[in-house]
Amino acid sequence: MNAPHRPAGDDAVLEVLRELQQPDGPDVLTELINLFLDDTPKRLAALRDDVCGGDAHQATARAAHALKGSAGNIGSAPFAELCANVERVAKHGQTDGIDLTPLEDEYARVEAALRSA
C-alpha cells in the first residue's frame, strides 16, 4: 500500500513570505528559496559524512537541527520532521544505522516543488 501523498511544502508559509515583500525591495521569497536550494545539498552531504563517521553524534545533531530550521523557514513540515528524527537519534548518541535516504528523497520532492513554484 502506498503512503498517502503529502505536499512537499506548506503554501501558507510561502504566502506569508510573499506578503512580507516590499514593492521596491529585494525578492525575499526568491532569495530564501535560492539560499535553501544552494545550502541544503551541502548540509545533506555534511550530514552524510557525519553519519558515516559514526562517532560524530553532536555534529550530526547540529547538522540535522540546522536543516530542520531551514525546512521550517520554507514551509516543509515533512522535511523538517525527518530532520527532527535524525536530530533526536543523534542526540541519544546513535548515528549507526541512521538511514538518510528518506531525508534525501524528501529533499528531492521539496526541491522539485520549489523549482516549479
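Higher on the page you've got the structure.
This structure is a prediction, so every number in the text was calculated from the model and none was measured. (Residues numbered from 1 in each chain as written. Predicted model: local features only at pLDDT ≥ 70, side-chain atom pairs only at ≥ 80, totals over all residues. Heavy atoms only, no water.)

K.L.:
Honestly, the packing of aromatic side chains in this entry has me stumped. Any pointers?
P.N.:
Any two aromatic rings considered together are summarised by their centre-to-centre distance and by the angle between their planes. Evaluation of the coordinates by the stated rule reveals three aromatic pairs. Between Phe36 and Tyr107, the aromatic rings sit 5.9 Å apart at their centres with planes inclined by 50°, giving tilted as the arrangement. Here Phe36, found in helix α2 (residues 28-53), pairs with Tyr107, found in helix α5 (residues 101-116); they are 71 residues apart in sequence, far enough to count as distant. Per residue, the accessibility class of Phe36 equals that of Tyr107, and both read buried. An aromatic cluster is built from Phe36, Phe79 and Tyr107, whose rings are joined through pairwise contacts. (Phe/Tyr/Trp six-rings, centres within 6.5 Å; stacked < 30°, edge-to-face > 60°. Helix = DSSP H or I, 4+ residues; strand = E, 2+ residues; numbered from the N terminus. Buried < 20%, exposed > 50% of the residue type's maximum accessible area, 1.4 Å probe, protein only.)

K.L.:
Before we go on, may I ask you to explain α5 in this structure?
P.N.:
At 3.6 residues per turn, the α-helix brings residues three or four places apart onto the same side. Look at α5: 23 Å from first C-alpha to last across 16 residues, which is about the 22 Å you get at 1.5 Å a residue. For α5, the full list of buried residues reads Leu103, Glu106, Tyr107, Val110 and Leu114. Each buried residue of α5 sits inside an arc of 105° when the element is viewed along its axis, so together they form one side. Across from the buried face of α5, at angles greater than 90 degrees, the exposed residues are Arg115 and Ser116. (Expected span 1.5 Å × (residues − 1). Arc of directions from axis to C-beta.)

K.L.:
I'm lost on the packing of helix α3 (residues 57-73) against helix α4 (residues 77-91) in this one. Help?
P.N.:
The geometry of a pair of packed helices is captured by two quantities: the angle between their axes and the separation between those axes. Relative to each other, α3 and α4 sit at 160°, their axes nearing to 8 Å. By the angle between their axes, α3 is roughly antiparallel relative to α4. In the packing of α3 onto α4, the handedness of the crossing is left-handed. Along the contact surface, α3 presents His57, Thr60, Ala61, Ala64, His65, Leu67, Lys68, Ala71 and Gly72, while α4 presents Phe79, Ala80, Cys83, Ala84, Val86, Glu87, Ala90 and Lys91. The residue makeup of the contact of α3 with α4, split by class, is ten nonpolar, four polar and three charged. (Axes fitted to C-alpha atoms, helices over the stretch in contact; angles between N-to-C directions. Parallel < 35°, antiparallel > 145°, perpendicular 65-115°, else oblique. Left-handed = near helix turned anticlockwise from the far one by under 90°. Contact = heavy atoms within 4.5 Å. Nonpolar A, V, L, I, M, F, W, Y, C, P; charged D, E, K, R; others polar.)

K.L.:
It is not clear to me how the environment of Ile33 should be interpreted in this structure. Could you clarify?
P.N.:
Checked against the element boundaries, Ile33 lands in helix α2. Along the backbone, Ile33 and Arg115 are 82 residues apart, and their C-alpha atoms lie at a distance of 8.7 Å.

K.L.:
Any chance you could explain the side chain of Thr40 here in plain terms?
P.N.:
Mapped onto the secondary structure, Thr40 falls in helix α2. Residues contacting Thr40, with those up to four places away along its chain left out, are Leu67, Phe79 and Tyr107.

K.L.:
Hey, could you run me through the packing of α2 against α3 in this one?
P.N.:
Where α2 meets α3, the axes come as close as 10 Å, and the angle between the chain directions of the two elements is 160°. Relative to α3, α2 is oriented roughly antiparallel. At the point where α2 passes α3, the crossing takes the left-handed sense. Note on element contacts: α3 touches α2 through Ala59, Thr60, Ala63, Ala64, Ala66, Leu67, Ser70, Ala71 and Asn73, opposite Leu32, Phe36, Thr40, Arg43, Leu44, Leu47, Asp50 and Val51. Along the lines of polarity and charge, the residues of the contact of α2 with α3 split into eleven nonpolar, four polar and two charged.

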